Amino acid sequence: MNDLSFRDVVSRRQLANAPRTKGERTRERIRLATIDVLNTIGYRDMKVSDVCEAAGVTPPVLYLYFENKLRLTEEVLQDFVESFMSKVPVGGTVAGRSAYEMIYVANRNWIASARNNAGLMRCLLQFADDVPEFATLFSEANRKWYQRVARATLARFPSSGIDERYVQLAAYALGGMIDELTRKLFASHDPDLNRLAEELLHDDDGLAEFVSILWHRAMFAADPELDYNPLAPLAAAVLRQRRRDRRKASKA
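Going along each chain's sequence as written, the residues are numbered from 1 onward. Where totals are concerned, whole chains, interfaces and linings use all residues; where local detail is concerned, this predicted model gives features only for residues with pLDDT of at least 70, and gives and counts side-chain atom pairs only at 80 or more. Only hydrogens and water are set aside when side-chain values are computed; all heavy atoms of the structure are taken into account.

Enquirer: I'd like a rundown of the overall build of the chain, residues and numbers included.
Expert: The helix and strand tally for the chain stands at 12 helices and zero strands. Reading the helices (α) and strands (β) of the chain from amino to carboxyl end gives α-α-α-α-α-α-α-α-α-α-α-α. By residue count, 40% of the 252 residues in the chain fall in the buried class. In the chain, once contacts between residues fewer than 6 apart in sequence are set aside, the share between residues at least 24 apart is 65%. Roughly 14,400 Å² of accessible area belongs to the chain as shown, and the carbon and sulfur atoms make up 54% of that amount. We score Asp and Glu as negative and Lys and Arg as positive, and we do not count His or the chain ends. A charge is said to be at NZ when it belongs to Lys, at CZ for Arg, at CG for Asp and at CD for Glu. Of the charged side chains in the chain, 36 are positive and 34 negative, and the gap between their average positions amounts to 5 Å. The way it works is that DSSP assigns letters per residue, a run of H or I at least four long becomes a helix, a run of E at least two long becomes a strand, and they are numbered from the N terminus. Remark: exposure states derive from per-residue accessible area (1.4 Å probe, protein chains only) relative to the maximum for the residue type, with buried under 20%, exposed over 50%, and partly exposed in between. Every residue pair with non-hydrogen atoms within 4.5 Å of one another is taken to be in contact. Note on areas: Shrake-Rupley, 1.4 Å probe, and residue coverage restricted to the protein chains presented here.

Here it is as structure tokens:
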């Protein structure tokens, strides 16, 4: 699972690909400082002076590498989005993994990313609201992500004959549900929702299992085969009700 923060990912990447010149090292130090400031202060309240203080540089030095606060933030957030979306497996072609397991892996990675980068998640929404160009880039990244989900789903079930666009639309709806849930849990810290999650699901593994059951139900109109499914009693009750209704209808 990707339980590292984005800052840790970038820091490790820099160590693995050590910048060769002083200028490259300074630029990377500014990027790391920007991640820290965005995580703690947020885009709208962030000042160039905040980044300079965190990076140990002066504003003239920062402006040698980045045109302004907007371009600096855009580079960091675009890297953040691409870093996650390019690495999480979404398909149904990994040997030995069921459709549910693939859904679970993607959701567990997203939950880890949302928890470990709550500040950056808030910034994504702020920045997309404030900068139309970034909103377009973010929208395109989401489109590609959900298209990957749809195509991978159909690759697993090629005989379904369903229009890919329906699957993509369902993925958008389900992904939006999970985005909003994680936003309330980790970014805005909804107290009632957090209490429910802690009491019933206990940890991020439990949360990923729960939302993955919902995803599987909605996408495939069926429960996954699990040893424990907290929603199974409700599904059984609905089935019993349907049988009673059919018997009543047949006698009428």
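Enquirer: Go over the pattern of salt bridges with me, naming the residues and quoting the values.
Expert: Put simply, a salt bridge is a Lys or Arg side-chain nitrogen that is within 4 Å of an Asp or Glu carboxyl oxygen. In total, this model carries 17 salt bridges according to the counting rule given. In this structure, Arg7 engages Asp36 in a salt bridge whose closest nitrogen and oxygen atoms are separated by 2.7 Å. Separated by 29 residues along the polypeptide, Arg7 in helix α1 (residues 6–16) and Asp36 in helix α2 (residues 22–40) bring together distant segments of the chain. A relative accessible area of 28% places Arg7 in the partly exposed class. Looking at Asp36, the relative accessible area reads 29%, which means it is partly exposed. Here Lys184 ties to Glu180 by a salt bridge, and the two come within 3.8 Å at their closest N and O atoms. With Lys184 and Glu180 both in helix α9 (residues 164–187) and four residues apart, this pair spans about one turn of that helix. On the basis of relative accessibility, which here comes to 35%, the residue Glu180 falls in the partly exposed class. Overlapping salt bridges, with partners in common, bring together Arg13, Arg27, Glu28, Arg31, Glu75 and Asp79 in one network.

Enquirer: If you had to explain the environment of Ser250 to someone new, which residues and values would you point to?
Expert: Tracing the chain through its elements places Ser250 in helix α12 (residues 232–251). Here a polar contact means two N or O atoms within 3.5 Å. Within protein one must be a hydrogen donor candidate and the other an acceptor candidate, and residues neighboring in sequence count only if both atoms are side-chain atoms. Among the polar contacts made by the side chain of Ser250, one reaches the main-chain carbonyl oxygen of Arg247 at a distance of 2.7 Å.

Enquirer: For α1, give the residues involved together with the corresponding values.
Expert: An α-helical turn contains 3.6 residues, so any two residues separated by three or four positions project in the same direction. Within α1, burial applies to Phe6, Val9, Val10 and Gln14. Burial along α1 is one-sided: seen end-on, the buried residues are contained in an arc of 130°. When the buried face of α1 is taken as reference, the exposed residues oriented beyond 90 degrees from it are Arg12, Leu15 and Ala16. By definition, the arc is the one covered by directions from the helix axis to the C-beta atoms.

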